[in-house]
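Reading the structure
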Amino acid sequence: MARLTMVQAVNLALREEMERDERVVILGEDVGRDGGVFRATEGLLERFGSDRVIDTPISESGIVGAAIGMAAYGLRPVAEIQFMGFVYAAFDQLVSHAGRLRSRSRSRFTCPLVVRTPYGGGIKAPELHEESTEAFFCHLPGVTVVAPSGPYTAKGLLLAALRDPDPVIVLEPTRLYRLFREEVPEGEYTVPLGQARVAREGGDVTVIAWGSMLERVLKTATPHDVEVIDLLTLNPFDAGTVLASVRKTGRAVIVHEAPLTGGFGAEIAATIAAEAILYLRGPVVRVAAPDVVIPLPKLEDRYLPTTDRIGRAIADVMRY
C-alpha cells in the first residue's frame, strides 16, 4: 500500500472519482495549468481536459456561485478556494444559496457541491492565509463541514463528500499537507460523514480535536491515560462518540486552533454539559488561540496551541 502525503491523497481521491463519475468537475484559481497553489490538482488537467478542470478568474464569489449552478444542473462540482480566508467573499453564496437550495425547492433540487480549502496555521504565512474560522460554516443549516486529520482520512472524507447530495465544505489543514505520510489504499473507500473516531483509547481524560490539532494532541507527552477523539466531521458532529468517551473518563479537554470565543469547541462543551454533566469529575477545559487576529509569522508559535499548553490543560483537569 502506498504511503502518501495528504496532498497526494487529495489528488488521488479527485482523480479516482473523476474517472468513476464524469459529472465531477473542478474549478478554481490556478487549479488547471499550475495544479493548484499546493499542487493538489496537479496532473488532472492533462488527464481530463479543460472542460472538467477549469481555471477561473480571481473571484471567489464567482467560483462558488458558478459551482452552485453546476450542482443544481446535475454536475458534481469541486470548487477550490486557495485559502480559507479567501472564502469569505463567497460567504453569501454559501449561506443564501448552497445551504438553502434543497429547502427552498422542497427537495426538487439539491446542491451536490464540494468546496475544498486549505485552512489553519503553521506555515508562517500572513493573515487570511492561515484562518481557522470553521465555526462560521458550522452555523449554516444544510452544509456539512469536515476536517481531515491525515492522508487516510483526507481521501476517505473527500470521496464521501463527492458522493453526498448536499453541500460539503472540506477544510484541509495546510500544515499537514506534507508533514507526514500514511498508508492510503488505492481504489474505493470512504470515511463516513458525521462520524468521529477514537484515535487512541484511554481511561483518565478525553481530549477532542480535529484537523492539524490532532497531530499535536497525539504528540503531547503526559503521564495520564488519554483517550483521543478525532472529530473529523464538525457539522453535524458525532455527539454520541464524544459523550460515550466523556462518560467513561469523566473529564474533557477540547483543542482547536480557532480563537476561543465562539469557537466550535464551545458547542462541544455545551453538549457535554447538557448530556454528561453527572459524569464529569472536573470542568470542561478548552485549549485554543487567543481572541486576536492571526499575528505575523514571528509570533505564530505563541498564537497556536502547543503540546505544552495541551499538556498543562490535561494536568489541570486531572487535579479535580
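Residues numbered from 1 in each chain as written. Predicted model: local features only at pLDDT ≥ 70, side-chain atom pairs only at ≥ 80, totals over all residues. Heavy atoms only, no water.

**Looking at the side chain of Arg 216**
Mapped onto the secondary structure, Arg 216 falls in helix H8 (residues 213–219). Glu 215 is the oppositely charged side chain nearest to the buried, salt-bridge-free Arg 216, at an N-O distance of 4.6 Å. Those residues within four positions of Arg 216 in sequence are excluded, and the remaining contacts are Arg 175, Leu 304, Pro 305, Thr 306, Thr 307 and Ile 310. (Helix = DSSP H or I, 4+ residues; strand = E, 2+ residues; numbered from the N terminus. Buried < 20%, exposed > 50% of the residue type's maximum accessible area, 1.4 Å probe, protein only. Lys, Arg positive; Asp, Glu negative; His and termini not counted. Salt bridge = Lys/Arg side-chain N within 4 Å of Asp/Glu carboxyl O. Contact = heavy atoms within 4.5 Å.)

**Observations concerning the nonpolar core**
Within the largest apolar cluster, 43 residues are counted, with the highest numbers of intra-cluster contacts made by Leu 94, Leu 113, Trp 210, Leu 231, Val 242, Ile 268 and Ile 272. Among the elements that line this core, the one with the most residues is helix H3 (residues 60–73), at 5 residues. (Core = buried A, V, L, I, M, F, W, Y, C linked by side-chain atoms within 4.5 Å.)

**Comments concerning the sheet that holds strand S14 (residues 285–289)**
Strand order in the open sheet formed by 5 strands is S9-S11-S10-S13-S14, with mixed pairing between adjacent strands. Each edge of the sheet is formed by a strand with only one pairing partner; in this case those strands are strand S9 (197–200) and S14. On average, adjacent strands in this sheet sit at an angle of 25° to one another, irrespective of strand direction. Both strand S10 (residues 205–209) and strand S13 (residues 252–259) contribute to a ladder of 3 bridges, which runs parallel. When the bridges of S13 are listed, Val 207 appears paired with Val 253. Sheet contacts for helix H10 (residues 264–275): S10, S13 and S14; angle to S13, the most-contacted strand, approximately 160°. Packing of helix H12 (residues 307–318) onto the sheet brings it into contact with S10, strand S11 (226–230), S13 and S14, and relative to S14 it is tilted by some 165°. (Pairing = 2+ DSSP bridges. Axes fitted to C-alpha atoms, helices over the stretch in contact; angles between N-to-C directions.)

**Here we look at unusual backbone geometry**
Residue Pro 236 follows Asn 235 across a cis peptide bond; omega there is 0°. As for its position among the elements, Pro 236 is in the loop between strand S12 (233–235) and helix H9 (239–249). With a phi angle near 60°, Lys 124 is a residue other than glycine that sits in the positive phi range. With respect to the helices and strands, the residue Lys 124 is situated in the loop between strand S5 (114–119) and helix H6 (134–138). Lys 124 gets classed as partly exposed once you look at its relative accessible area, which sits at 39%.

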